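Per-entry structural report
What follows is each chain in one-letter form.
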Amino acid sequence: MANICLCLTGKTLAQNLEIIEKYRKYIDMAELRVDCLESDERLLIRRFPEQAGLPVILTIRRKIDGGFYDSGEAGRITLISKGLAFAEIDKRHNFAYVDLEEDLEVPGLEEAVRTFGTRIIRSSHNLEGVGDITRKIRSLYKMGDEIAKVAVTPHNISDVLAIYRSAKETSSKKKILVGMGPYGANTRILAEYLGSFLTYTSALEEQDLTPAAPGQMSPRQMAEQYRFKEISAATEIYGIVGFPLKATFSPHIFNTVFTHEKINAIYVPFPADNLSNFLELAAELGIKGASVTIPYKEAILPYLHTRSDSVEAAGACNTIKAVPQKTEDSPRKKNPKCFWHGINTDTLGFSESLLHFTGRKNFRSCMITILGAGGAARAVAAEIHRLKGKCLILNRNPVRARELAQSYGYKWGSMDRQSLDIMEKYSNIIIQATPVGTFPNVDDDPFELYHFNGYETVVDLIYNPPMTAFLKRAQAAGCSVLNGFDMLIRQAKYQYQCFFGRDFPEQLIPRLKKTLQS
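Model, not experiment: these values are computed from the prediction.

A word on empty space enclosed by the protein. Scanning the model with the defined rule gives two cavities of 30 Å³ or more in all. Put simply, the largest cavity is a space of about 40 Å³. Phe-350, Ser-353, Leu-354, Val-459, Leu-461, Leu-482, Asn-483, Gly-484 and Met-487 together form the lining of the largest cavity. Classifying every residue of the lining of the largest cavity by side-chain character gives six nonpolar, three polar and no charged. When its volume is computed, the second largest cavity comes out at roughly 30 Å³. Of the residues assigned to the lining of the second largest cavity, the class counts are three nonpolar, three polar and no charged.

Structure (structure tokens):
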């Protein structure tokens, strides 16, 4: 089973010991990053393993490898030697591991390390890309008792696929394999699938500390949200695919439900710059189902082998489920390795949320404006049509607005001054269905030209942040406002039903809303 390792980047040993105590229940081991310590503190590291009371990795990372040490190799080797000197018979009082880079050649030190039972982690850090990972792993072993560590920087989903394939090709090797940065987050969560000895975490809740490497999570998030220690080869993988995927709360929702329902599954984010390559990765990992978000809700359609009526109605899909392959091939198939069934849960998620908020049973006699013409807007437009509303579609690209509007006989236009007059007529309900204003771009407003009158009901499908700049303007004018939290949870209920064929545990909804909105 893979271990959770806490990287200690405090400036003093006392601070690092405090951090260990704060996270002890979540972690299996720690890495003392000596390069982050103040100069005087570096001379006192020998007693740290005994004080820590758990296995500790000794690491002095150079700047060229993503660390902070820049005082020369001779001084670094001296510090490593001091940390390992005077080894005790009780191995718990010694460093359990020492991280030595692949180009560090100190035979005498390595011999001494092995004599006293400290294992060598032979490491390679590629801060620019991924390279030939399999070859790199195999080249690192100088002695049979070493652990090879390869940290790479994936720049796209194809690079992530290369990480998982290399892990399979080196399945018999004792190794640590990790993808750094936003693309690599799922490799940290799925360390067990990689056959990785550990996953690195950082004390992200400590405001005066920076992560030891880009993309690291906190031990608490890894242990509680992603149930890291329960992941095994039998754990089913679900996830969310989109790009850039910086503001999703879906992993929290689904993993909370999995814990409550005792389902052996994990829900993981997969930022993907290329949908086809993600589906190839999905086949490689055996992903059972996925939420589909911006910008792929329409792009996913050609890859579906079967689709629900909701997908046909909306012309967009936000949920895919792997289905058993049949003998007959589907003419819609692009990915030969996996069969996918697509549904759209945004439709009912949206309409149920807005009807509940307004106390209505339908949208008859409502004059409604939708801002946007992407996948989310398509789901909204389909439901407004089903529920008898009249609608205006506005989009920065008027061609897209016209294409969507003509499907239902709606009015359409561009998001400019020329559309303000007609928007006044379609302003009972205004629905913001673009990603503009999503975290981290929280000050962006999709249509600053429009001035609210105070009688409109204003909906923004964004839920992070809870109050976008658009909603703040509407609320200040006296409008009733609704963000995307309720819709998020309602559509997730239907996704859960699609994935598992059973009802969502309704008793969790108040808890989820409280957590997500806190």
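Evaluation of the coordinates by the stated rule reveals 20 aromatic pairs. Arranged with centres 5.7 Å apart and planes meeting at 55°, the rings of Phe-270 and Phe-278 form a pair that is tilted. For Phe-278, a relative accessible area of 1% gives the class buried. With centroids separated by 5.2 Å and ring planes inclined at 80°, the aromatic side chains of Tyr-450 and Phe-452 adopt a geometry described as edge-to-face. By relative accessible area, Tyr-450 is classed as buried at 1%. The class of Phe-452 is buried, set by a relative accessible area of 11%. Within the aromatic cluster, the residues linked to one another by ring pairs are Tyr-238, Phe-254, Phe-258, Tyr-267, Tyr-496, Phe-499, Phe-500 and Phe-504.

Below, the discussion takes up the nonpolar core. Phe-278 and Ile-300 are the most contacted members of the largest nonpolar core, which totals 85 residues. Residue contacts for Phe-278: discarding those within four places in its chain leaves Ile-157, Val-241, Phe-270, Ala-272, Ile-287 and Ala-290. By size, the runner-up hydrophobic cluster in this structure holds 30 residues, among which are Leu-354, Ile-368, Ile-431 and Val-459.

The next subject is the pairing of strand E13 (residues 319–323). Regular strands show a simple pattern: their side chains alternate between the two faces of the sheet. Pairing geometry for strand E11 (residues 289–292) and E13, over three bridges, is antiparallel. When the bridges of E13 are listed, Ser-291 appears paired with Thr-319. Examined bridge by bridge, E13 and strand E14 (residues 339–343) share five bridges and lie antiparallel to one another. Bridged to Val-323 within E14 is Phe-339.

Once that is clear, we can look at the packing of helix H14 (residues 375–386) against helix H15 (residues 398–406). Relative to each other, H14 and H15 sit at 30°, their axes nearing to 10 Å. When the axis of H14 is compared with that of H15, the two are roughly parallel. In this structure, H14 crosses over H15, and the sense of that crossing is right-handed. Contacts from Ala-377, Arg-378 and Ala-381 of H14 reach H15 at Arg-400, Glu-403 and Leu-404. The residue inventory of the contact of H14 with H15, partitioned by class, reads three nonpolar, no polar and three charged.

Moving on, we come to the confidence of the model for the chain. Looking at the chain as a whole, the pLDDT averages 94, with 98% of positions reaching at least 70. Considering only residues more than four positions removed or in separate chains, one finds that residues 330–336, a stretch of pLDDT under 50, has 17 contacts.

Another aspect to go through is the sheet that holds strand E10 (residues 265–271). Taken in spatial order, the six strands line up as E10-E9-E11-E13-E14-E12 in an open sheet, and their pairing is mixed. The sheet terminates laterally at E10 and strand E12 (306–307), the two strands that pair on one side only. Its contacts with the sheet place helix H18 (residues 485–500) against strand E9 (236–242), E11, E13 and E14, and it is angled at close to 5° to E13.

One number sums up the size of the largest pocket: a volume of about 1200 Å³. Lining of the largest pocket is provided by 34 residues; of these, Gln-221, Gln-225, Tyr-226, Thr-248 and Phe-249 occupy positions nearest its centre. Among the secondary structure elements, those contributing two or more residues to the lining of the largest pocket are helix H9 (219–225), helix H10 (250–261), E10 and helix H19 (509–517). Of all the elements, H10 adds the most residues to the lining of the largest pocket, at five residues. Of the residues that constitute the lining of the largest pocket, the class distribution is 16 nonpolar, 13 polar and five charged. The wall of the second largest pocket is formed by 36 residues, among which Thr-293, Ile-294, Pro-435, Thr-438 and Tyr-463 lie closest to the centre. Only E11 and H18 provide two or more residues apiece to the lining of the second largest pocket. A per-element tally of the lining of the second largest pocket places H18 first, with four residues. Considered class by class, the residues forming the lining of the second largest pocket number 18 nonpolar, 14 polar and four charged.

Rules of the game
- Residues numbered from 1 in each chain as written.
- Predicted model: local features only at pLDDT ≥ 70, side-chain atom pairs only at ≥ 80, totals over all residues.
- Heavy atoms only, no water.
- 1 Å grid on protein atoms, 1.4 Å probe; cavity = no way out; pocket = protein on both sides within 12 Å on 5 of 7 lines; lining within 4 Å.
- Points joined across faces, edges and corners; volume = space filled by probe spheres on them.
- Nonpolar A, V, L, I, M, F, W, Y, C, P; charged D, E, K, R; others polar.
- Phe/Tyr/Trp six-rings, centres within 6.5 Å; stacked < 30°, edge-to-face > 60°.
- Buried < 20%, exposed > 50% of the residue type's maximum accessible area, 1.4 Å probe, protein only.
- Core = buried A, V, L, I, M, F, W, Y, C linked by side-chain atoms within 4.5 Å.
- Contact = heavy atoms within 4.5 Å.
- Pairing = 2+ DSSP bridges.
- Helix = DSSP H or I, 4+ residues; strand = E, 2+ residues; numbered from the N terminus.
- Axes fitted to C-alpha atoms, helices over the stretch in contact; angles between N-to-C directions.
- Parallel < 35°, antiparallel > 145°, perpendicular 65-115°, else oblique.
- Left-handed = near helix turned anticlockwise from the far one by under 90°.
- pLDDT = per-residue confidence, 0-100.

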